[in-house]
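Chain by chain, the residues run as shown.
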Amino acid sequence: MKKLSAIAAAMLLTCSVAGVNAFAADDSVKVNMTIVDGEGKFAVTQEDIEVTDADSDGKLTINDAFILVHDAKFEGGHEAGFATEEAEYGPKIVKFWGVENGGAYGYYLNNTMSMGLSDAVADGDTLNAFVYQDATGYSDTYSFFDKTSGEAEKDGEIELTLNHIVFTADGTAEEAVEGAVITINGEDTEFKTDAEGKVTVKLTNAGSNVISAKSETLKLVPPVCSVNVAGETETTTTTTTEETTTTTTTTTTATTTTTTTTAKTTTTTKKSDSNSPKTGDAGMGLAFVAIGSAAFVAFAARKKNED
């Protein structure tokens, strides 16, 4: 009887392991990811990444998403650009997008500060991660629009609201960003957010438009909203003109020689129609000084995110 029980237990364990392996091999979700590098620039802009169980822990997590986005988009893959180590509250990032800065990284799942790398991801989630530019004072503040994408007609408009995350005695809160300059495809525009963070943006370029924002008073982690504008995309036409020059030379023997040379000039014209704490345990003392003891207590409950 004992022998049969042992065999049954072994078979159950084998089936459990097989079940985990089957999950890791077959299950996947698509997560829309944006990554801002250490220079404050978009390294990945709203890319759909298929997330599988890359770390073989039987779950689909933020850690899996970070491994796979590095494999897909970073030269050398996650071996070159991404690394973690175990800490008191779970795995902690020590390298992200090739940058090692003492653990100053942040990541938000669906615009909410994550609790840690082991947080589960689901199909259709958005995951935004960034490397702190200010790796000592941690003055970078996560910001986001109320819309992540949209459609518009040429010369049409889109209304957006820009907020950023602030830390309070109760945890985190959203606060409007006033006076932020809107950028489209990296270029500054005349549009600015009002006191409520609202702005109406006119779109004149057909095709894909990446809308973001920057501020003179805040070190914003740049937000992103992708808008597809109807109309013809940029086309290029080539015009060739032929110029003929005739040169006549007369010799003393009254013989005239005429030489003709042809020069072709190609002209190309274009027609267009178309302040958050860091990830990780190090630096928590600075977070305490910055947000006060009451806020620190609230933040400590969430500091798994600051891995």
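Structural data are supplied above this passage.
Let me sum up the structure you'll find in this document. (Residues numbered from 1 in each chain as written. Predicted model: local features only at pLDDT ≥ 70, side-chain atom pairs only at ≥ 80, totals over all residues. Heavy atoms only, no water.)

1. Structural notes on the sheet that holds strand β7 (residues 126–131)
Hydrogen bonds along the backbone pair up the strands of a sheet, which may run parallel or antiparallel. Our working definition: When DSSP finds two or more bridges between two strands, those strands count as paired. By the criteria applied, helices consist of DSSP H or I runs no shorter than four residues and strands consist of E runs no shorter than two, each listed in order from the N terminus. Residue contacts follow a heavy-atom distance rule, with two residues in contact if any of their heavy atoms lie within 4.5 Å. Orientation is described by axes fitted as lines to C-alpha atoms, over the contacting stretch for helices, and by angles from 0 to 180 degrees between their N-to-C directions.
The strand order across the open sheet formed by five strands is β2-β1-β7-β5-β6, and the pairing between neighbours is mixed. A strand with exactly one partner marks an edge of an open sheet, and here the two such strands are β2 (42–51) and β6 (112–113). Bridging between strand β1 (residues 29–36) and β2 involves seven bridges; their strand directions are antiparallel. What sits directly across from V36, in β2, is F42. Sitting on the sheet, helix α2 (residues 62–73) touches β1, β2, β5 (105–109) and β7, and the angle it makes with β2 is about 115°.

2. A word on the side chain of S114
Cut-off, in case you're wondering: When a residue's accessible area, from a 1.4 Å probe over protein chains only, is under 20% of the maximum for its type it is buried; when over 50% it is exposed; and in between it is partly exposed. Within 3.5 Å is the distance limit for a polar contact, defined as a pair of N or O atoms, with the added protein rule that one can donate a hydrogen and the other accept it, and that residues adjacent in sequence qualify only through two side-chain atoms.
Tracing the sequence through the fold places S114 in the loop between β6 and β7. A residue is classified by how much of its surface remains accessible, and S114, at 2% relative accessible area, is buried. At 2.7 Å, the side chain of S114 and the side chain of D119 are in polar contact.

3. Here we look at the environment of K73
In this structure, K73 sits in helix α2. Judged by its relative accessible area of 41%, K73 falls in the partly exposed class. Taking the C-alpha atoms as reference points, K73 and E47, 26 residues apart in sequence, are found 9.7 Å from one another. Not counting residues within four places of it along the chain, the set of residues in contact with K73 comprises V44, E47 and W97.

4. Brief notes about the sheet that holds strand β9 (residues 149–152)
The mixed open sheet is built from five strands, whose spatial order is β9-β17-β15-β12-β13. Two strands lie at the open edges of the sheet, namely β9 and β13 (187–192), each paired on one side alone. Strand-to-strand, the axes of this sheet are offset by a mean angle of 30°, without reference to chain direction. Sheet topology note: the strand β15 (residues 207–214)/strand β17 (residues 225–229) ladder contains five bridges and is antiparallel. Across the sheet, residue N209 finds its bridge partner in β17, namely V227.

5. Considering the pattern of salt bridges
Short version of the rule: Salt bridges are counted wherever a side-chain nitrogen of Lys or Arg sits within 4 Å of a carboxyl oxygen of Asp or Glu.
Counted under the stated rule, the structure contains five salt bridges. D146 is the salt-bridge partner of K147, the closest N and O atoms lying 3.7 Å from each other. Using a relative accessible area of 31% as the deciding quantity, one classes K147 as partly exposed. Looking at D146, the relative accessible area reads 47%, which means it is partly exposed. Here D155 ties to K154 by a salt bridge, and the two come within 3.9 Å at their closest N and O atoms.

6. Focus: the nonpolar core
This is how the line gets drawn: Here, nonpolar core means buried Ala, Val, Leu, Ile, Met, Phe, Trp, Tyr and Cys residues that are tied together by side-chain atoms lying within 4.5 Å of each other.
Residues M33, V51, F66, I93, F96, V121 and L127 are the most contacted members of the largest nonpolar core, which totals 27 residues. Secondary-structure elements contributing two or more residues to this core are β1, β2, α2, β5 and β7. Looking at which element gives the most residues to this core, the answer is α2, with six residues. Filtering out sequence-adjacent residues up to four positions away, F96 remains in contact with I35, F66, H70, G81, F82, Y105, A129 and V131. If you look at the next biggest cluster of nonpolar residues, it comprises 19 residues, including F145, L162, V201 and A213.

Bear in mind that shape data such as this cannot, by itself, settle questions of function.
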